[in-house]
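Residue-level structural notes
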Amino acid sequence: MSDTPHREKTPTETIDVSAVEQQASKSAIQLSTESRGKNRRSAIGGRDELPRARRVVVKVGSSSLTSIENSIDENALRNIVDALGRIKAQGVEVVFVSSGAITAGLQPLGLSRRPKDLATKQAAASVGQGLLISRYTEYFARYHVTVGQVLVTAEDLMRHSQYKNAHRQIERLLDLGILPIVNENDAVATHEIKFGDNDRIAALVAHLIKADALLLLSDVDALYTRPPKDGGERIATVEDPITDLEGVEIGTVGRAGVGSGGMVTKVQAARIAASSGIPALVTSAANIEKALAGEDVGTWFSTTGGRRNVRLLWLAHLADIKGTLTLDDGAVEAVRGRRSLLAAGVTAVAGTFGAGDPVSMVDSDGVEVGHGLVNYGSDEIPGMLGKRTYELGEQFGEDYARELVHVDNLVNLRPRSARTTLKK
């Protein structure tokens, strides 16, 4: 189903200035939707092809850059900058997503541990971010590279206007030869809109700028079937994130204790990237040179889909789900077949939400089938359950003679393997 009406081409080659201006004024969502099918998967098919990438997003975690005892790890920063400076000199466009602002600010504030309250975290971030960007500015200057700071929140990558602005800012920096350094704006982020980690920000930025590859670096060299000390084996490649990760124990925190995500968020971020046509490599910061050279390190997540509409990417991975709709077998088949969800196929509703809110759709066993933006509030839907569309119109009026979730506001989800466990 096309998202926009078909527009016939004019028979002349003359540039239509007004049409160009109109196209330029469209939202990033519209442009992304209209380009669906045009933006294919990355041309990088395997880790050995990474040296051919012309645009990469590299994310490094707090545990690889900072420590509570010593604030900023100068040697670690130099190693990262050396690697990125070299590929930048070779003409590769690099976007660097750097964690560590909160931890970098602990020592100057006299704090001996990572704070739990939001206000103190924000205070530490406001101090630490300045320290980090100062170091990066100094170290990258040795490679004659100018850096630009880009601070974002979840809201910036979820709302249409901010998304478009963030895209424009990063693209312009790259056009000017600047190396953008992206970080979550911890100093202003709130509990409600805060990602809690930079891994998913990195995945969204990679999607935003249509990167060729995403590198997620921490203090762990790869994803293992279980801890190496317990005989776990490295998972070299993930072709299917469901079947390939069955039985895997995924850690939730880094061993340094200063990060906020751990391996679980890296796997989530890698899946987000792979599902939108961008391959991802998860490895350690110590392996950055080998990774960029295409050597056999880390865990490679092969692409599982093509470039996606950013709104659907948000709906699949980042939306704050407000409620749940339970579907019968026929509705499950319809949703998986990319058809709208009708009230006749819904057997139960849970949660409190309004029209336009994101909801989860599950089958009779509670297995998640997809996410969607619902057309009615949770107080309206119970009286609509099991009724056909024409019956709703007759009983409640014409405004109710439509689907619960339109296909354009619906995204399918593949369930996580039930045998994938999180190791605390």
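Just so it is clear, the structure is predicted and the values come from calculations on it, not from any experiment. (Residues numbered from 1 in each chain as written. Predicted model: local features only at pLDDT ≥ 70, side-chain atom pairs only at ≥ 80, totals over all residues. Heavy atoms only, no water.)

Let's talk about the pattern of salt bridges
If you walk through the whole model with that rule in mind, you get 11 salt bridges. Linking Arg 52 and Glu 49 is a salt bridge whose minimum nitrogen-to-oxygen distance equals 3.0 Å. Judged by relative accessible area, Glu 49 falls into the partly exposed class, the value being 23%. With its nearest N and O atoms 3.2 Å apart, the salt bridge here joins Arg 234 to Asp 296. Here Asp 296 lies in the loop between α10 (288-292) and β11 (299-301) and Arg 234 lies in the loop between β7 (213-218) and β8 (237-238), a separation of 62 residues in the sequence. (Salt bridge = Lys/Arg side-chain N within 4 Å of Asp/Glu carboxyl O. Buried < 20%, exposed > 50% of the residue type's maximum accessible area, 1.4 Å probe, protein only. Helix = DSSP H or I, 4+ residues; strand = E, 2+ residues; numbered from the N terminus.)

A short note on the sheet that holds strand β15 (residues 368-373)
The strand order across the open sheet formed by five strands is β13-β12-β14-β15-β16, and the pairing between neighbours is mixed. Because the sheet does not close on itself, it has two edges, and the strands there are β13 (346-351) and β16 (410-412). Strand-to-strand twist across the sheet, computed as the mean angle between neighbouring axes with direction ignored, equals 20 degrees. Of the pairings in the sheet, the one linking β15 to β16 comprises three bridges and is antiparallel in character. Across the sheet, the residue bridging to His 371 is Val 411, located in β16. Docked against the sheet, helix α11 (residues 310-317) engages β14 (358-362), β15 and β16, running at close to 125 degrees with respect to β15. Set on the sheet, helix α12 (residues 329-336) makes contact with β12 (323-327), β14, β15 and β16; between it and β12 the angle comes to about 110 degrees. (Pairing = 2+ DSSP bridges. Axes fitted to C-alpha atoms, helices over the stretch in contact; angles between N-to-C directions. Contact = heavy atoms within 4.5 Å.)

A few points about the nonpolar core
Judged by nonpolar contacts, the single largest core of 53 residues is most densely connected at Val 57, Ile 170, Val 182, Leu 214, Leu 223 and Phe 301. Where this core is concerned, the elements lending two or more residues are β4 (93-98), β5 (147-152), α7 (160-175), α8 (199-208), β7, α9 (263-275), β10 (280-284) and α11. At eight residues, α9 tops the list of elements feeding residues into this core. If we skip the residues at most four places from it in the chain, Val 57 touches Val 95, Val 97, Ala 202, Val 205, Ala 206, Ile 209, Ala 211, Ala 213, Leu 214 and Leu 215. Among the nonpolar cores identified, the runner-up in size contains 42 residues, and Ile 44, Val 81, Ile 102 and Ile 133 belong to it. (Core = buried A, V, L, I, M, F, W, Y, C linked by side-chain atoms within 4.5 Å.)

So, the packing of aromatic side chains
In this structure the tally under the stated criterion is four aromatic pairs. Between Phe 96 and Tyr 136, the aromatic rings sit 5.3 Å apart at their centres with planes inclined by 80 degrees, giving edge-to-face as the arrangement. Placement of Phe 96 in strand β4 and of Tyr 136 in helix α6 (residues 118-141) is noted, with a sequence separation of 40 residues between them. With relative accessibility at 0%, the residue Phe 96 sits in the buried group. A centroid spacing of 5.5 Å and a plane angle of 50 degrees characterise the contact between Phe 396 and Tyr 400, whose relative ring orientation is tilted. Aromatic ring contacts, followed pair by pair, group Phe 96, Tyr 136 and Phe 140 into a single cluster. (Phe/Tyr/Trp six-rings, centres within 6.5 Å; stacked < 30°, edge-to-face > 60°.)

Quick notes on the side chain of Asn 198
Structurally, the position occupied by Asn 198 is in the loop between β6 (179-184) and α8. The exposure class assigned to Asn 198 is buried, which follows from its relative accessible area of 5%. A distance of 2.7 Å separates polar atoms of two side chains, one belonging to Asn 198 and the other to Asn 183. At 3.1 Å, the side chain of Asn 198 forms a polar contact with the backbone nitrogen of Glu 184. In contact with Asn 198, other than residues within four places in its own chain, are Lys 59, Val 97, Ser 98, Ser 99, Asn 183 and Glu 184. (Polar contact = N/O pair within 3.5 Å; in protein donor to acceptor, adjacent residues only side chain to side chain.)

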